[in-house]
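Coordinate inspection notes
Each chain, written out:
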Amino acid sequence: LQVLVVAEVCRTYFELRSLQHRINVAEENAGNQADTLKLVEARLRGGIATEFDAARSRALLGSTQAQVPGLKAEAAAARYRLAVLAGHSPEHYPT
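Computed from a predicted model, the values in this text were never measured in an experiment.

1. Section: the overall build of the protein chain
Counting its regular elements, the protein chain contains two helices and zero strands. Relative to the compact-globule value of 12 Å for 95 residues, the protein chain shows a C-alpha radius of gyration of 20 Å, a clear excess of over 25%. Considering only C-alpha atoms, the protein chain reaches an extent of 65 × 20 × 15 Å along its principal axes. Computed over 11 positive and 10 negative side-chain charges, the inter-centroid distance for the protein chain is 1 Å.

Here it is in structure tokens:
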């Protein structure tokens, strides 16, 4: 039984760390995509880009931003699971 608990703690810990990394990547990507959107909109105003380019940039940014809340919810669930397994409160684990 003890081996199973240790294995579950390890699995949950690595899941949490993976989710935290994915959140950071998604947020960084969203920032880069927001910068790209500003450039595309400036090009649109200058007549160099098309409305399609701007719409595509907005859609990509929106899609990336929409992923973040789900990832954060999964990370919170993993943090609570880890806390229960370790007998601690979730505040012991980084967000």
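There is more to say, and it comes next.
2. Digging into the pattern of salt bridges
Opposite charge on two side chains permits pairing when their charged atoms draw close. In the structure shown here, the tally under the stated rule is seven salt bridges. One salt bridge connects Arg58 with Glu51, and the closest N-O pair in it is separated by 2.5 Å. Where salt bridges share partners, they join Glu8, Arg11, Glu15 and Arg81 into one cluster.

3. Observations regarding a nonpolar patch on the surface
On the surface, Leu1, Leu4 and Val5 cluster together to form a nonpolar patch covering roughly 350 Å² of accessible area. With respect to the helices, strands and loops of the structure, Leu1 is situated in the segment before helix H1 (2-45).

4. Some thoughts on the nonpolar core
Formed by Leu16, Leu19, Ile23, Ala26, Val68, Leu71, Ala75, Ala78 and Leu82, the largest nonpolar core amounts to nine residues. Elements represented by at least two residues in this core include exactly H1 and helix H2 (51-86). Among the elements that take part in this core, H2 stands out by supplying five residues, more than any other. For Leu71, the residues in contact, after removing those within four places along its chain, are Leu19, Arg22, Ile23 and Ala26.

5. Some thoughts on H2
Taking 1.5 Å per residue, 36 residues should reach 52 Å; H2 reaches 53 Å between its end C-alpha atoms and fits that length. If you check which residues of H2 are buried, you get Ala54, Ser57, Leu61, Thr64, Val68, Leu71, Ala75, Ala76, Ala78, Arg79, Leu82 and Ala83. Taken together, the buried residues of H2 touch H1. Remark: Gly87 follows H2 within two positions and exhibits a positive phi of approximately 75°.

6. With respect to the side chain of Ser57
Structurally, Ser57 can be placed in helix H2. For Ser57, the residues in contact, after removing those within four places along its chain, are Thr36, Leu37 and Val40.

7. Quick notes on the side chain of Gln20
Within the secondary structure layout, Gln20 lies in helix H1. Only 2.7 Å separates the side chain of Gln20 from the side chain of Arg17, close enough to count as a polar contact.

What counts, and at which threshold
- Residues numbered from 1 in each chain as written.
- Predicted model: local features only at pLDDT ≥ 70, side-chain atom pairs only at ≥ 80, totals over all residues.
- Heavy atoms only, no water.
- Helix = DSSP H or I, 4+ residues; strand = E, 2+ residues; numbered from the N terminus.
- Rg over C-alpha atoms; globule rule 2.2 N^0.38 Å.
- Lys, Arg positive; Asp, Glu negative; His and termini not counted.
- Charge placed at Lys NZ, Arg CZ, Asp CG, Glu CD.
- Salt bridge = Lys/Arg side-chain N within 4 Å of Asp/Glu carboxyl O.
- Patch = residues over 30% accessible without salt bridge, like charges linked within 9 Å, V, L, I, M, F, W, Y side chains within 5 Å.
- Areas by Shrake-Rupley, 256 points an atom, 1.4 Å probe, with all protein chains shown as cover.
- Core = buried A, V, L, I, M, F, W, Y, C linked by side-chain atoms within 4.5 Å.
- Buried < 20%, exposed > 50% of the residue type's maximum accessible area, 1.4 Å probe, protein only.
- Contact = heavy atoms within 4.5 Å.
- Expected span 1.5 Å × (residues − 1).
- Polar contact = N/O pair within 3.5 Å; in protein donor to acceptor, adjacent residues only side chain to side chain.

All quantities given are derived from atomic positions and should not be read as evidence of function.
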